[in-house]
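# Residue-level structure breakdown
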There are 6 protein chains.
Amino acid sequence: MIDQNTNLLIVSAHSADFVWRGAGTIAKYIKNGANVHLVVLSFGARGESNALWKEEGQTLENVKAIRRSEVEAAAEAIGVKNLEIWDFEDYHMQITEERMMQMVKKIREVKPHIILTHGPHDAFNPDHEAVSKYVFDASVLSTSNGVKIEGYPTAKQAKIFGFEPHQSEISNFTPEVIVDITDTYELKEKAMNCFAAQTHLIEYYGWKAKLRGNHARRCSGNNEYKYAEAFTRRLPLVGGELV
Amino acid sequence: MIDQNTNLLIVSAHSADFVWRGAGTIAKYIKNGANVHLVVLSFGARGESNALWKEEGQTLENVKAIRRSEVEAAAEAIGVKNLEIWDFEDYHMQITEERMMQMVKKIREVKPHIILTHGPHDAFNPDHEAVSKYVFDASVLSTSNGVKIEGYPTAKQAKIFGFEPHQSEISNFTPEVIVDITDTYELKEKAMNCFAAQTHLIEYYGWKAKLRGNHARRCSGNNEYKYAEAFTRRLPLVGGELV
Amino acid sequence: MIDQNTNLLIVSAHSADFVWRGAGTIAKYIKNGANVHLVVLSFGARGESNALWKEEGQTLENVKAIRRSEVEAAAEAIGVKNLEIWDFEDYHMQITEERMMQMVKKIREVKPHIILTHGPHDAFNPDHEAVSKYVFDASVLSTSNGVKIEGYPTAKQAKIFGFEPHQSEISNFTPEVIVDITDTYELKEKAMNCFAAQTHLIEYYGWKAKLRGNHARRCSGNNEYKYAEAFTRRLPLVGGELV
Amino acid sequence: MIDQNTNLLIVSAHSADFVWRGAGTIAKYIKNGANVHLVVLSFGARGESNALWKEEGQTLENVKAIRRSEVEAAAEAIGVKNLEIWDFEDYHMQITEERMMQMVKKIREVKPHIILTHGPHDAFNPDHEAVSKYVFDASVLSTSNGVKIEGYPTAKQAKIFGFEPHQSEISNFTPEVIVDITDTYELKEKAMNCFAAQTHLIEYYGWKAKLRGNHARRCSGNNEYKYAEAFTRRLPLVGGELV
Amino acid sequence: MIDQNTNLLIVSAHSADFVWRGAGTIAKYIKNGANVHLVVLSFGARGESNALWKEEGQTLENVKAIRRSEVEAAAEAIGVKNLEIWDFEDYHMQITEERMMQMVKKIREVKPHIILTHGPHDAFNPDHEAVSKYVFDASVLSTSNGVKIEGYPTAKQAKIFGFEPHQSEISNFTPEVIVDITDTYELKEKAMNCFAAQTHLIEYYGWKAKLRGNHARRCSGNNEYKYAEAFTRRLPLVGGELV
Amino acid sequence: MIDQNTNLLIVSAHSADFVWRGAGTIAKYIKNGANVHLVVLSFGARGESNALWKEEGQTLENVKAIRRSEVEAAAEAIGVKNLEIWDFEDYHMQITEERMMQMVKKIREVKPHIILTHGPHDAFNPDHEAVSKYVFDASVLSTSNGVKIEGYPTAKQAKIFGFEPHQSEISNFTPEVIVDITDTYELKEKAMNCFAAQTHLIEYYGWKAKLRGNHARRCSGNNEYKYAEAFTRRLPLVGGELV
């Protein structure tokens, strides 16, 4: 059950990742009152802004400014109130020990029940793979009281879910959890439309949502599912029943 | 949530499999009011009755009679009301088309939301692997209205979970769902004790329950878990949130 | 290069499989003059005719008759001249030694350079997995001159490609060959439309073709690819260059 | 088809890797007029010059000088005109961001249709695994116009192939592409003979070429294949037919 | 340690399999006094006698007679005294329950410490895969005293090793045990030469033995290994030390 | 055979790892006269000292002092004479080139026939995975005479075994070697009891030892095995027989 006692932390490597891959699910958590914190690690200026760089005389500052306005609009579209942009350089994103501690601190501050970030494999995106390991390792360190950070006591181990990569089948992606987003798909569309220059991705993730809806129906026998998003789960599901 | 609207079908290849591997979980479903149906496919007379056959002059009838009384006592110990024993021969269990239809019929009759049976790999037990495929295929056929059985309309696709095999690590077993059985472990112990001749297995599955309890605590941060059972899930989890 | 010296044999477990999964590619071979032989093993009357069975008073004969007219229309739409329907019963399809020899004979008759059939894994479809093994084993036997069939001398080992399953990601599907079908997609649409009762599949495989087109562009850098179909390859590619 | 419009870039971690694992294929590309660029990252002075270091009083300078003359002779033997030796230290080769940009630049300069380098696994050779990731990541960066290098506009995504490791079977190597080198095997032998101190490797790769020739015959039915080399392919094959 | 208390059972699907893949190892056991029993399941008349069937007017009886003389000669060459030929039909070999019991009986009679037979995967050889499962299942049944065979009490669980398949790398073969056969390679050559019509295989397995010798040296640092054979192990090694 | 000519090097990431996972086996080597060298890389002060840090006013110096006394006591309990503590910082342990050379030197000094350290996967422990690669790479470098260290000539390639991780089943652990520790289990218990604050781990590894004993009996048919430890093997077993 999602309610105001649910803490969700999302870590997105580049500014639009959380939109294409998780906006419907995030919107659902917000709609149901969860405390949602979104960390965007980079603007994706080097690796995910091809369209912007096609303009004559484009500058890094300008690319970042545009990406910032897009990500803020998209976050707003799905109702995210707590957005942080850490402005790491991308392609390749470097994970230093200092950045590791910054993430441990964030996790201890948010105390998430659930972390949503990149899964372990992504054929064309070395940053996504680096972030997957970064966030998982930080979640492990966050639970250890030998890793001292003044004012930030340890957190409980969070459940960790991974976004579906862009090209699932060549990234060994197997959907472990499929979340119905029929109720929030409209919001996801709104968020996707904040990235005006990437029409082809808006179409692409529209098809994906419908394909995943089809899979959701077939696996569950529930015909009310229309749109869905798929994720990996990093650790076994632990609980009181067979779900 | 488990309640009186939850239908659970268990398919156990031999008479004691459901006890060692799932009695705590099954007891939990019964305790919470679920409709539980247990199908035991064989007495395990050939492959899983070593202790009984050590007695001089032992006969097949006698082995079956003893195994019947044990399985009935164990089922009663955890509160199972609907027990069927299909008395297939074991080692090797043969899955004919007729038996396939018998299982399809059972599934359509019970209309299970959840089926609990053997997982796909079991290093030392070819019967378990055959039953895993048998039940999955029957669940698929049960949803197809071209597979006609007079009086038995199609069922919805059930969720399917697999028991942990005896020697998990040499059977490629990865726990996907770990169910806390702290509340019903006492009942599981009672059920295990119905198999008097197999003291070493009672001990063995006691350790397993505690090991799985340790894993449940580590993966969830919830320290109230003492005993647990682990399962595989055959299809992706489909639902309304990240669980 | 595809030309009149190319022999292609397609083996489809049920009557529509070759359409959803390969019609664009098959149409391309026909358009380029290849000798194309299509074997449809069953009408899919039990497992893949849900819509038809919903009609009151439906009979097996009628279902088969409708399926026959659909498959003939679809084959014609893409230009297939050599169509055989073997009318095996489906769900579960039984592969006897006699049927094995029937396939060996067919392979020796057609002498295919390429066989297109089902790949090894298909999460919800045991028939597809059985046919995958059936055709591969037959292709091996077809090359052995100790497997005597009067009048049918041995064939060379064919290259074997597998269709993409319906739910790729839960079937461990990895695309090994992606074929551009931009030129023949219109024909594929025509063939799909012969299966009037299955509108949802027509939509579904439309999205797939576009997703695969996206992947084709990303993997190759060639932006002219709009629609594509993906396949597995059973054996290593052997040839004169790095392709 | 290989011709003067084909650009091939080879990246070899140590000075002899391209010879043992790819000289026959490279020679074929050269023979057919392709533009072939060979980058040798290191002399392999630390990890792959055992024989040379056995001499009393051996020095690093001398080892490098000998290795240089060997690699130049071997490159000449198969007709390579564009050879660069980057003289990284080996065992362990360090991949810095600066070196990453150096490779991106090279790729943008050569605009390869095909890159031939080390595959992802090599049981005994950590350098080979590092180079595999190095070159793949650089190929991804080379296509992104946010990764600016003055004077070097983006390249198209190259096809990437991986050398067979020294001990294939303990390195999870599965041949995906097997290239017939019957016509150029003589040149490969000549190139191998430039490494005088490593007679046992010359023998070893002779047997390999014949084993791969046997596999090529069996998989294709083409009995003219005598010698072959095997490779992995990093991305799905995309094209106009089933190859 | 191999001595007269070591019982070794070899199960070869076709008449020459044990020669190409294990003759050096078997010879070593015989040389050291072990009790060696060889069961050849079929003459391989359909699937592995291509050369013989090329002769005009060839008959099944004649093929079997030639194969019998070859296998007897090869067995003699390496010193096998206990040879049984069960004359199953090959391609495809059918494993009935009766044949299962025949194998259980054999195992209980020989009481092998070690069984050497086919491994689980063999890309081009469905018989080898069937025999692998056949022998493993029989070994499990042989230990169960509920599987009654008058006069044949249960055996202990044997260690089970699998032959290297013909094309290792496309059969997911990973060598788990590499046996030095330098001392008995000459006998293996003699045995191989009993199959006069298959010169290309004699060469092929000569290269393999040398490649495996190379691997044995590299993995162990022992330079006295010249020839070797590789095998899979079915169950974990259990013993008193780290070997 | 273990005797005074056997050199065993153990590398333990944190101070207690070698105890929980290998003390029974190490004790056995010592008991049989082997030369045993133990390197403990860190005190595990950050990641594996949760209980100690719960005390008010705890300091890093004090934690290290306690861990030192525990590890020395545990080493003494099983008879280790050569103990070195390298005092790396843990969580995350950094492997620099300098540390790589330190390990190469150690290996060349000890000349181990066997190295026992962490296996490649450990779901919750990034340090263990880093150490696994660290030690393996060092073992490879140690054999190369181009990697010069004054006074330390090359070593032979050691056999490398990996500890069982804490949560085997979610770390893809497959036991490849199971060592009977029935004779030394008492010493292992003594060593475990040196870690007073971690009672739950003492219990946990007691159950594990019994579970592994059960597996040892089932896989071997030898009923004298009571307690065991399981390991992975990094390279194929090479030797003179089928073990």
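Residues numbered from 1 in each chain as written. Chains lettered and ligands numbered in written order. Predicted model: local features only at pLDDT ≥ 70, side-chain atom pairs only at ≥ 80, totals over all residues. Heavy atoms only, no water.

## Some points on the overall build of chain A
Heads up, the condition is: A helix here means a DSSP run of H or I that spans at least four residues, while a strand means a run of E at least two residues long, and both kinds are numbered starting from the N terminus. Computation of the radius of gyration draws on C-alpha atoms, with the globule rule given as 2.2 Å multiplied by the number of residues to the power 0.38. Residue exposure (1.4 Å probe, protein chains only): buried if accessible area is under 20% of the type maximum, exposed if over 50%, otherwise partly exposed. Every residue pair with non-hydrogen atoms within 4.5 Å of one another is taken to be in contact. Methods summary: accessible areas were calculated by the Shrake-Rupley approach with a probe of 1.4 Å, and residue burial reflects only the protein chains presented. Only four residue types enter the tally: Lys and Arg on the positive side, Asp and Glu on the negative side; His and the chain ends are excluded. For this purpose, a charge sits on NZ of Lys, CZ of Arg, CG of Asp or CD of Glu.
Along its length, chain A carries 7 helices and 8 strands. Whereas a compact globule of 243 residues would reach a radius of gyration of roughly 18 Å, chain A reaches 18 Å, a difference of no more than 12%. Over its C-alpha atoms, taken along the principal directions, chain A stretches across nearly 55 × 50 × 35 Å. Looking at chain A residue by residue over its 243 residues, the buried ones come to 65%. A fraction of 78% describes how many contacts in chain A between residues 6 or more apart in sequence connect residues 24 or more apart. Carbon and sulfur atoms provide 46% of the accessible area of chain A, an area that totals close to 8900 Å². Within chain A, the 32 negative side-chain charges are centred at a point lying 5 Å from the centre of the 28 positive side-chain charges.

## Here's the deal with the side chain of Asn 145 of chain D
Within the fold, Asn 145 of chain D resides in the loop between helix 5 (126–142) and strand 5 (159–163). The class of Asn 145 of chain D is buried, set by a relative accessible area of 15%. Here Asn 145 of chain D is in contact with Ser 49, Asn 50, Trp 53 and Lys 54 of chain A together with Thr 154 of chain D, once residues within four sequence places are set aside.

## Concerning the relation of the copies chain A and chain D
As a reminder of what qualifies: Here the copies were fitted onto each other by least squares, based on C-alpha atoms from residues at pLDDT of at least 70 in both.
For the pair chain A and chain D, the best superposition has an RMSD of 0.0 Å and corresponds to a rotation of 120 degrees with a translation of 0.0 Å parallel to the axis. Such a combination of turn and shift is consistent with a three-fold rotation axis. In terms of C-alpha distance to the rotation axis, chain A has Thr 96 of chain A as its closest residue, with the C-alpha 8.1 Å off the axis.

## Thoughts on the nonpolar core
Stated formally: To define a nonpolar core, start from buried Ala, Val, Leu, Ile, Met, Phe, Trp, Tyr and Cys residues and group those joined through side-chain atoms within 4.5 Å.
Residues Phe 18 of chain A, Phe 18 of chain B, Phe 18 of chain C, Phe 18 of chain D, Phe 18 of chain E together with Phe 18 of chain F are the most contacted members of the largest nonpolar core, which totals 268 residues. Beyond its immediate chain neighbours, meaning those up to four positions away, Phe 18 of chain F contacts Ile 10, Ser 12, Ala 23, Ile 26, Leu 38, Val 40, Val 71, Ala 74, Ala 75, Ile 78 and Phe 163 of chain F.

## Quick notes on the sheet that holds strand 7 (residues 228–233) of chain C
Put simply, the rule is: We treat two strands as partners when DSSP finds at least two bridges between them. Orientation is described by axes fitted as lines to C-alpha atoms, over the contacting stretch for helices, and by angles from 0 to 180 degrees between their N-to-C directions.
The mixed open sheet is built from 8 strands, whose spatial order is 3(C)-2(C)-1(C)-4(C)-5(C)-7(C)-6(C)-8(D). The sheet terminates laterally at strand 3 (82–85) of chain C together with strand 8 (237–239) of chain D, the two strands that pair on one side only. Between one strand axis and the next, the sheet turns through 25 degrees on average, direction left out of account. Two elements, strand 2 (residues 35–40) of chain C and strand 3 of chain C, share 4 bridges in a ladder whose sense is parallel. Bridged to His 37 of chain C within strand 3 of chain C is Asn 82 of chain C. Contacts from helix 3 (residues 60–78) of chain C reach strand 2 and strand 3 of chain C within the one sheet, and its direction differs from that of strand 3 of chain C by about 160 degrees.

## Concerning the relation of the copies chain A and chain B
Mapping chain A onto chain B leaves a residual RMSD of 0.0 Å; the transformation is a rotation of 180 degrees accompanied by 0.0 Å of translation along its axis. Between the two chains, the operation in question is that of a two-fold axis. Looking at the rotation axis and the C-alpha trace of chain A, the residue lying nearest is Val 243 of chain A, at 4.2 Å. The overlap is high: 100% of the interface residues of chain A also sit at the interface in chain B, so the same surface is used on both sides.

## Quick notes on the environment of Phe 43 of chain D
Residues and elements named next belong to chain D. Inspection of the secondary structure puts Phe 43 in the loop between strand 2 (35–40) and helix 2 (50–53). Given a relative accessible area of 3%, Phe 43 falls into the buried group. Look past the residues within four positions of Phe 43 in its chain and what remains in contact with it is Ser 15, Ser 49, Lys 64, Arg 67, Arg 68, Ile 85 and Asp 87.

## Structural notes on the interface of chain A and chain D
By a widespread convention, an interface's size corresponds to the accessible area lost as its parts come together. Test applied: Accessible surface is computed with a 1.4 Å probe, and the buried area is the amount of it that two parts give up when combined, taken over both parts together. The working definition used for a salt bridge is a side-chain nitrogen of Lys or Arg within 4 Å of a carboxyl oxygen of Asp or Glu. In protein, a polar contact requires one atom able to donate a hydrogen and another able to accept it; more generally it is a pair of N or O atoms within 3.5 Å, and residues adjacent in sequence count only if both atoms are side-chain atoms. Under the convention adopted here, Pro, Cys and the residues Ala, Val, Leu, Ile, Met, Phe, Trp and Tyr are nonpolar, Asp, Glu, Lys and Arg are charged, and Gly plus all remaining residues are polar.
Across the boundary between the two partners, chain A contributes 14 residues, which contact 17 residues of chain D. The largest contributions to the chain A side of the interface with chain D come from Arg 46, His 92 and Phe 124 of chain A, which together make up 44% of the buried area. The interface formed by chain A and chain D contains 0 salt bridges. At the boundary of chain A and chain D, one finds 4 residue pairs in polar contact (both at pLDDT 80 or more). When its residues are assigned to classes, the side of chain A that touches chain D shows 7 nonpolar, 5 polar and 2 charged.

## Brief notes about helix 7 (residues 199–220) of chain E
Selection criterion: Helix span is expected to be 1.5 Å times the residue number reduced by one.
Along its 22 residues, helix 7 of chain E runs 32 Å from first to last C-alpha, staying within 8% of the 32 Å computed at 1.5 Å per residue. Gly 221 of chain E lies just past helix 7 of chain E and shows a positive phi near 75 degrees.

## Focus: the interface of chain A and chain B
In this assembly, 36 residues from chain A lie in contact with 36 residues from chain B. Between chain A and chain B, the buried area comes to about 3200 Å², and carbon and sulfur atoms account for 57% of it. Ranking the residues of chain A by area buried against chain B places Val 238, Glu 241 and Leu 242 of chain A at the top, with a combined share of 23%. Taken together, the connections running from chain A to chain B amount to 0 salt bridges.

## Here we look at the pattern of salt bridges
Residue and element names in this part refer to chain D. Applying the stated rule across the entire model yields 71 salt bridges over all chains. The partner of Lys 28 in a salt bridge is Asp 180, and the shortest N-O contact between them spans 4.0 Å. In this pair, Lys 28 sits in helix 1 (residues 17–31) while Asp 180 sits in strand 6 (residues 177–180), placing the two residues 152 residues apart along the sequence. Grouping residues by exposure puts Lys 28 and Asp 180 together as buried.

## Some details on unusual backbone geometry
The peptide bond linking Tyr 91 of chain A to His 92 of chain A adopts the cis configuration, its omega dihedral lying at -5 degrees. Within the secondary structure layout, His 92 of chain A lies in the loop between strand 3 (82–85) and helix 4 (97–110). The residue Asn 172 of chain D is not glycine, and still its phi comes out positive at about 50 degrees. Here Asn 172 of chain D is to be found in the loop between strand 5 and strand 6.

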